[in-house]
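# Structure at a glance
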Amino acid sequence: MISILISAVQYFALFLRFVIFARIIMSWLPNTRGSAIGQFLFALSEPILGPVRKLLQKTPLGGPGMMLDLAPIFSFLIIWFVEALIVGILWGLQ
C-alpha cells in the first residue's frame, strides 16, 4: 500500500515538472498564450509559479529590472524537495 502512495507522489511530481517545462517551452513560441493548450498550461502551472514569483520579487534575485524569470527553476527545486520529503516519510512508515 505504501509503495502505491510513493508511486502516486512520484508521478504527481513528474506531472507538475512536465507542466512547468511545457509552459517554459510554450513561452518561447509566438502567440501561444491565447491558445487552448497555452491557457490550459497556464491554469495548471500558475498556482505553483505565482507564489514562487511573488516571493522572488521580494529578494535581490527577482527584484525590479530582472529580465529572467527564475520562478520555474525554484519551483522545480521546491517540487523535488517536497517529493523527497514525502517519499522519505512514506519509506519510514514501511
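Data block above holds the structure.
The paragraphs below set out a description of the structure included in this document.

### Thoughts on the overall build of the chain
When helices and strands are counted, the chain shows three helices and zero strands. Starting at the N terminus and ending at the C terminus, the chain contains elements arranged as α-α-α. In terms of overall dimensions, the chain is more spread out than a globule: its C-alpha atoms have a radius of gyration of 16 Å, far above the 12 Å expected for 94 residues. Seen along its three principal axes, the alpha-carbon backbone of the chain occupies a region of about 50 × 35 × 15 Å. When each of the 94 residues of the chain is scored for burial, the buried share is 30%. Taking contacts inside the chain between residues at least 6 apart in sequence as the whole, the part at least 24 apart equals 57%. For the chain, the accessible area works out to roughly 6,700 Å², and carbon and sulfur atoms hold 76% of it.

### Some remarks on the packing of helix H1 (residues 2–28) against helix H3 (residues 71–93)
Between two packed helices, what matters for the description is the angle formed by their axes and the separation of those axes. At a minimum axis distance of 9 Å, the contact between H1 and H3 shows a crossing angle of 175 degrees. Accordingly, the angle class assigned to the pair H1 and H3 is roughly antiparallel. Facing H1, whose interface residues are Ile2, Leu5, Ile6, Val9, Gln10, Ala13, Leu16, Arg17, Ile20, Phe21 and Ile24, H3 presents Pro72, Ser75, Phe76, Ile79, Trp80, Glu83, Ile86, Val87, Leu90, Trp91 and Leu93. A class-by-class count of the residues in the contact of H1 with H3 yields 18 nonpolar, two polar and two charged.

### Re the side chain of Glu83
With respect to the helices, strands and loops of the structure, Glu83 is situated in helix H3. Residue class for Glu83 comes out buried when judged on its relative accessible area of 14%. In this structure the side chain of Glu83 is engaged in a polar contact, spanning 2.9 Å, whose partner is the side chain of Arg17.

### Notes on the environment of Gln10
Summarising the element assignment, Gln10 is placed in helix H1. Using a relative accessible area of 35% as the deciding quantity, one classes Gln10 as partly exposed. Put simply, Gln10 and Val87 are 77 residues apart on the chain and 8.0 Å apart in space, counted from C-alpha to C-alpha. Discounting residues that sit within four places of it in the chain, Gln10 has contacts with Glu83 and Val87.

### Quick word on the pattern of salt bridges
Tallying each qualifying case throughout the model produces four salt bridges. Here Glu46 and Arg53 are joined by a salt bridge, their closest N and O atoms 3.2 Å apart. Asp69 is paired through a salt bridge with Arg53; the nearest N and O atoms lie 3.1 Å apart. Of this pair, Asp69 sits in the loop between helix H2 (36–57) and H3 while Arg53 sits in helix H2, placing them 16 residues apart in sequence.

### Here we look at the side chain of Ser45
For Ser45, the location among the structural elements is in helix H2. In contact with Ser45, other than residues within four places in its own chain, are Val19, Ile20 and Arg23.

### So, a nonpolar patch on the surface
Among the surface-exposed residues, Ile78, Phe81, Val82, Leu85, Ile86, Ile89 and Leu93 lie close enough to one another that they form a single nonpolar patch of about 660 Å² accessible area. By secondary structure assignment, the location of Leu93 is in helix H3.

Cut-offs and rules
- Residues numbered from 1 in each chain as written.
- Predicted model: local features only at pLDDT ≥ 70, side-chain atom pairs only at ≥ 80, totals over all residues.
- Heavy atoms only, no water.
- Helix = DSSP H or I, 4+ residues; strand = E, 2+ residues; numbered from the N terminus.
- Rg over C-alpha atoms; globule rule 2.2 N^0.38 Å.
- Buried < 20%, exposed > 50% of the residue type's maximum accessible area, 1.4 Å probe, protein only.
- Contact = heavy atoms within 4.5 Å.
- Areas by Shrake-Rupley, 256 points an atom, 1.4 Å probe, with all protein chains shown as cover.
- Axes fitted to C-alpha atoms, helices over the stretch in contact; angles between N-to-C directions.
- Parallel < 35°, antiparallel > 145°, perpendicular 65-115°, else oblique.
- Nonpolar A, V, L, I, M, F, W, Y, C, P; charged D, E, K, R; others polar.
- Polar contact = N/O pair within 3.5 Å; in protein donor to acceptor, adjacent residues only side chain to side chain.
- Salt bridge = Lys/Arg side-chain N within 4 Å of Asp/Glu carboxyl O.
- Patch = residues over 30% accessible without salt bridge, like charges linked within 9 Å, V, L, I, M, F, W, Y side chains within 5 Å.

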